[in-house]
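# Per-entry structural report
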Amino acid sequence: SKSTTPAKSTAITGKVNINTGSLADLMNLKGVGEATAQKIIDYRKAHGAFKTIDELDNVSGIGAAKINGFRDQVVL
């Protein structure tokens, strides 16, 4: 799949796209278990794609500290 992010193809390797990642993909994030991964999926189904990584703060069980813990693991 093509990414619209310019010139970062190698940096994206191994990262989880929070807008398209599966339950298993999201569970690879630091501090995210099955319940939280499902909440991320439910949130994006209800609200559409995340526009920023910080929007994850709106998901129940995820706060700024957790986001900062896995920020380098995710892409949009």
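Up top is the structure.
Cut-off values and rules
- Residues numbered from 1 in each chain as written.
- Predicted model: local features only at pLDDT ≥ 70, side-chain atom pairs only at ≥ 80, totals over all residues.
- Heavy atoms only, no water.
- Helix = DSSP H or I, 4+ residues; strand = E, 2+ residues; numbered from the N terminus.
- Buried < 20%, exposed > 50% of the residue type's maximum accessible area, 1.4 Å probe, protein only.
- Contact = heavy atoms within 4.5 Å.
- Areas by Shrake-Rupley, 256 points an atom, 1.4 Å probe, with all protein chains shown as cover.
- Core = buried A, V, L, I, M, F, W, Y, C linked by side-chain atoms within 4.5 Å.
- Phe/Tyr/Trp six-rings, centres within 6.5 Å; stacked < 30°, edge-to-face > 60°.
- Lys, Arg positive; Asp, Glu negative; His and termini not counted.
- Salt bridge = Lys/Arg side-chain N within 4 Å of Asp/Glu carboxyl O.

The number of helices and strands found in the protein chain is 4 helices and 2 strands. Buried residues in the protein chain amount to 30% of all 76 residues. Considering only intrachain contacts with a sequence separation of at least 6, the fraction spanning at least 24 residues in the protein chain is 44%. Total accessible area on the protein chain is roughly 4,800 Å²; 53% of this is exposed by carbon and sulfur atoms.

If you look at the biggest cluster of nonpolar residues, it comprises 17 residues, and the most contacted ones within it are L26, L56 and F70. For this core, the secondary-structure elements that each account for two or more residues are helix 3 (34-47) and helix 4 (64-70). When residues of this core are assigned to their parent elements, the largest contribution, 4 residues, is made by helix 3.

What the rule picks out here adds up to 1 aromatic pair. Relative to F50, the ring of Y43 lies with its centre 5.2 Å away and its plane at 15°, an arrangement referred to as stacked. As far as burial versus exposure is concerned, Y43 and F50 are alike and both buried.

This brings us to the side chain of E55. Structurally, E55 can be placed in the loop between helix 3 and helix 4. Put simply, E55 is tucked away with no salt bridge, and the nearest opposite charge, on K51, sits 5.2 Å away. Apart from the residues within four sequence positions on either side, E55 is in contact with Y43, A49 and F50.

Spatial relationships are all this shows, so hold off on functional conclusions.
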